[in-house]
Structure formats: structure tokens, C-alpha cells
Amino acid sequence: DAGITQSPRHKVTETGTPVTLRCHQTENHRYMYWYRQDPGHGLRLIHYSYGVKDTDKGEVSDGYSVSRSKTEDFLLTLESATSSQTSVYFCAIQQLANTEAFFGQGTRLTVV
Amino acid sequence: QKEVEQDPGPLSVPEGAIVSLNCTYSNSAFQYFMWYRQYSRKGPELLMYTYSSGNKEDGRFTAQVDKSSKYISLFIRDSQPSDSATYLCAMSAISTGNQFYFGTGTSLTVIP
């Protein structure tokens with residue numbers, strides 16, 4: 001298994017509170033991604049990183065920010081959580097562009 | 001029109017059957033194709049990665065790409081109850097940067 005650890009695995013939070021999800025990798029892969037998975041929508045890209053301090057937006061980036069200060073860590077922050085951000089969040093890593101991408105086990109986030 | 005279309009199923013087959021899972025796509029630039037298996041409440045697990053057209057075999061799994069028809073398939077031979085999962089297709093192109101486009105997944109049940 002690719003060395004990807006997501007934390008926390010489950011979280012319940014209240015509307016309006018900030019939330020940070022962490023993705024940690026031990027593979028020294030350059031690219032890291034945050035996706036959300038919702039019924040009927042599949043996996044949708046939130047943000048991705050192509051190196052330390054280098055990030056870009058995906059198709060559903062509104063309400064989310066990311067940071068990558070070290071190769072191994074990619075943080076996803078919900079500045080002010082809303083119920084529409086209730087979802088399962090997956091981190092993925094990739095060594096080179098357009099090569100195999102490997103996923104973490106997911107974080108199940110519920111915003112009440 | 002979605003970039004990638006995948007029949008959600010559900011698909012139910014008897015143990016030992018040959019399973020065919022399919023995705024169609026609209027962007028002729030796609031040239032990198034992946035199939036993932038996702039068990040309930042788990043992260044997607046990479047099964048197959050192929051580049052451009054042709055077939056690739058790995059054990060009981062065969063991935064097929066027909067770029068002229070914009071159609072990819074995953075065949076599972078001698079299906080087992082442990083193959084019961086949701087199968088996701090994904091694809092990308094150099095022109096799409098690091099954006100992977102996913103199908104919404106096909107739910108498969110293999111009945112003993």
C-alpha cells in the first residue's frame with residue numbers, strides 16, 4: 001500500500017467552524033491532491049499541489065484552502081464549514097504528472 | 001455533457017462469470033487511463049493503468065482502450081465474491097494538466 005495517511009478519519013463539526021484535514025505521505029511523491037466524493041457526483045478535485053508551496057485550484061475549490069509547507073504534508077482547510085461540505089474527502093499522491101495516482105483511506109466529515 | 005460517463009449499475013453476476021465494465025468519454029485528448037476498485041467505506045485502490053490504446057492484462061483483469069470510439073473497458077475473468085465493490089474509471093491528458101476525470105462508478109456484486 002502506498003504510504004498515505006489521512007487524519008482525522010472521522011469528524012463531526014458545527015456549521016461556521018474552521019476545519020483542517022491532513023494528508024501525510026511517506027513516498028516523497030511530488031503531486032498531492034484533495035478530492036471529495038459524493039453520491040451521484042463521483043470524485044471531484046478540490047485542490048492539488050505540484051510541489052512545496054505550489055498549489056492550484058480544482059473544479060470545486062470554493063470554500064476550501066490548502067497549504068503544503070513540506071513534501072510529505074498537504075493540508076485542506078474549510079475556513080467556515082457549511083452543511084454542503086459534508087462529504088468524504090480523499091487525498092491522493094502521484095510521483096509524476098499523468099502517472100498512477102494512489103489514494104488514502106478517506107476522511108468522513110459531517111457538518112451539522 | 002460529462003467528460004466521463006459510466007453506467008452506475010448495479011451489476012449482479014454469479015461467481016465465475018466474466019464481468020465487463022465500461023466508460024465512455026468525450027475528450028479525444030485523454031491518453032492516460034486508470035481503473036480503481038473501491039470497497040465500501042474505503043479509499044479507491046488502483047487496479048490498472050494504461051497509456052493510449054490497446055490492451056493490458058494483469059491476472060484476472062484486462063483493461064482495454066479504444067481511442068477511436070472513446071471507450072474503455074475493464075474485464076474481470078472468473079469473478080469472485082471478493083470482487084464485489086464499486087469500480088471507477090479515471091482518465092487524464094497532458095492538456096488537462098493534473099486534472100483526473102472520474103466516472104461515477106459501477107457497483108458490482110458477485111453472488112456465490
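In the block above lies the structure referred to throughout.
Residues numbered from 1 in each chain as written. Chains lettered and ligands numbered in written order. Predicted model: local features only at pLDDT ≥ 70, side-chain atom pairs only at ≥ 80, totals over all residues. Heavy atoms only, no water.

A.B. asks: Provide a residue-level description of the pairing of strand E7 (residues 61-66) of chain B, including the pertinent values.
C.D. replies: All names here are of chain B. Summarising the sheet, strand E6 (residues 54-58) and E7 pair through 5 bridges and their orientation is antiparallel. Note on E7: the bridge partner recorded for Asn55 is Gln64. Linkage of E6 to E7, two consecutive antiparallel strands, is achieved through a turn of 2 residues, within which Gly59 is found at a positive phi near 65°. The sheet contact formed by E7 and strand E8 (residues 71-76) spans 6 bridges and is antiparallel. The residue of E8 that forms the bridge with Phe61 is Ile76. Between E7 and E8, which pair antiparallel one after the other, the connecting turn spans 4 residues, and Lys70 there sits at a positive phi close to 55°. (Pairing = 2+ DSSP bridges. Helix = DSSP H or I, 4+ residues; strand = E, 2+ residues; numbered from the N terminus.)

A.B. asks: Mind laying out the side chain of Gln25 of chain A, listing which residues take part and the relevant values?
C.D. replies: Residue and element names in this part refer to chain A. Along the chain, the position of Gln25 falls in strand E3 (residues 19-25). According to the relative accessible area criterion, Gln25 is buried, its value standing at 2%. Looking at Gln25, its side chain comes within polar contact range of the main-chain oxygen of His29, at 2.7 Å. Those residues within four positions of Gln25 in sequence are excluded, and the remaining contacts are Gly3, Ile4, Met32, Arg68, Thr71, Glu72 and Ile93. (Buried < 20%, exposed > 50% of the residue type's maximum accessible area, 1.4 Å probe, protein only. Polar contact = N/O pair within 3.5 Å; in protein donor to acceptor, adjacent residues only side chain to side chain. Contact = heavy atoms within 4.5 Å.)

A.B. asks: Lay out the sheet that holds strand E1 (residues 4-7) of chain A with the relevant residues and their values.
C.D. replies: All names here are of chain A. In space, the 4 strands of this open sheet follow the order E1-E3-E8-E7, with antiparallel pairing throughout. A strand with exactly one partner marks an edge of an open sheet, and here the two such strands are E1 and strand E7 (64-70). Here the average twist between neighbouring strands, direction ignored, is 20°. (Axes fitted to C-alpha atoms, helices over the stretch in contact; angles between N-to-C directions.)

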